[in-house]
Amino acid sequence: MIETSWLGASASSVLSMLVSTLGIYVALLLFTRLSGLRSFSKMSSFDFAITVALGSILASTVLSKNPALLTGVGALAVLYLIQYVVARGRRTSPWVERLVDNEPRVLMAGEDILAHNMRAARITEGDLNSKLRLAGITHRAQVLAVVMESTGDVSVMRRGEDIDPRLFQDVRDAERIPGVPSR
């Protein structure tokens, strides 16, 4: 006999899923409205981690009996509160900012690859080449700088534009970029 119980669901489990989905969705909307769109940003690696955790709580609450809806809503509230406290701490305390954020670093200054920063960021030359291609770079001579941002994103800047040094004030090894003065 073939087991088919995985194909169906009882009326009570479907109703439970519908109520949980609606409830957790309303809670998510409410908490997002209260805390602002920053709650889904990826301004720091911490923000990204919170977004992943929110998704995990949503999925767990919707698809299982444990955690129950109220537990899921409570967990969302705690994550939003943690994110608020950390975001406020980042704005007011350099210590908290250093603790939570990764330091952006130059991976490529002009045509020069900064091997020590590549190793620290755990980026291979193949990864770097991929980012250059995605940015439309056809020759390394076109590159002003490649920066691994604190979020893990990679920024590729082209030569030929005036440089505002303030854009690089918090970037490790920014003085290696052609046209950026030493700190």
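Structure: see above.
Because the structure is a prediction, the values reported are computed rather than measured.

Engineer: When you look at the overall build of the protein in this model, what are you seeing that I'm missing?
Structural biologist: Assigned secondary structure in the protein consists of six helices and four strands. Tracing the protein from N to C terminus, the helices and strands come up as α-α-α-α-β-β-α-α-β-β. Computed over C-alpha atoms, the radius of gyration of the protein comes to 23 Å, more than 25% over the 16 Å expected from 2.2 N^0.38 for 183 residues, which places it beyond the range of a compact globule. Across its three principal directions, the C-alpha atoms of the protein cover 65 × 50 × 25 Å. A total of 183 residues make up the protein; the buried ones form 31% of that total. Considering only contacts within the protein whose residues lie at least 6 apart along the sequence, 52% involve residues at least 24 apart. Carbon and sulfur atoms make up 61% of the accessible area of the protein, which totals about 11800 Å². Charged side chains of the protein number 20 positive and 17 negative; the gap between the two group centres comes to 5 Å.

Engineer: Just to check I follow, could you spell out helix α3 (residues 69-92) for this structure?
Structural biologist: Side chains that are three or four residues apart share a direction in an α-helix, a result of its 3.6 residues per turn. With 24 residues, α3 should cover 34 Å at 1.5 Å per step; its first-to-last C-alpha distance of 35 Å lies within 8% of that length. If you check which residues of α3 are buried, you get G72, L76, L79, Y80, Q83, V86, A87, G89 and R90.

Engineer: Looking at this structure, how should I read the pairing of strand β4 (residues 154-158)?
Structural biologist: For a regular strand, the rule is simple: side chains alternate between the two faces of the sheet. Bridging between strand β3 (residues 143-148) and β4 involves five bridges; their strand directions are antiparallel. Pairing of V147 across the sheet is with S155, part of β4. Hairpin remark: β3 followed by β4, antiparallel, with five residues in the connecting loop; positive phi at G152, about 100°.

Engineer: Teacher, can you tell me more about the pattern of salt bridges here?
Structural biologist: Opposite charge on two side chains makes pairing possible when the charged atoms of those side chains draw close. Summed over all chains, the structure comprises three salt bridges. Here E125 makes a salt bridge to R140, at a shortest N to O gap of 3.1 Å. With a gap of 15 residues between them, E125 in helix α6 (residues 125-134) and R140 in the loop between α6 and β3 connect regions that are remote in the sequence.

Engineer: Would you take a moment to explain the sheet that holds strand β1 (residues 105-109) for this structure?
Structural biologist: Strand pairing within a sheet occurs via backbone hydrogen bonds; the two strands may be parallel or antiparallel. Pairing is antiparallel across the open sheet formed by four strands, whose spatial order is β2-β1-β3-β4. Looking at which strands have only one partner, the edges of the open sheet turn out to be β2 (112-113) and β4. Alignment of β1 against β3, held across four bridges, turns out to be antiparallel. If you follow V106 over to β3, its bridge partner there is V147.

Engineer: Please explain a nonpolar patch on the surface as it appears in this structure.
Structural biologist: On the surface, a cluster of nonpolar side chains totalling about 410 Å² of accessible area is made up of L22, Y25, V26 and L29. Tracing the backbone through its elements, the reader meets L29 in helix α1 (residues 11-35). Judged by relative accessible area, L29 falls into the partly exposed class, the value being 44%.

The rules behind each value
Residues numbered from 1 in each chain as written. Predicted model: local features only at pLDDT ≥ 70, side-chain atom pairs only at ≥ 80, totals over all residues. Heavy atoms only, no water. Helix = DSSP H or I, 4+ residues; strand = E, 2+ residues; numbered from the N terminus. Rg over C-alpha atoms; globule rule 2.2 N^0.38 Å. Buried < 20%, exposed > 50% of the residue type's maximum accessible area, 1.4 Å probe, protein only. Contact = heavy atoms within 4.5 Å. Areas by Shrake-Rupley, 256 points an atom, 1.4 Å probe, with all protein chains shown as cover. Lys, Arg positive; Asp, Glu negative; His and termini not counted. Charge placed at Lys NZ, Arg CZ, Asp CG, Glu CD. Expected span 1.5 Å × (residues − 1). Pairing = 2+ DSSP bridges. Salt bridge = Lys/Arg side-chain N within 4 Å of Asp/Glu carboxyl O. Patch = residues over 30% accessible without salt bridge, like charges linked within 9 Å, V, L, I, M, F, W, Y side chains within 5 Å.

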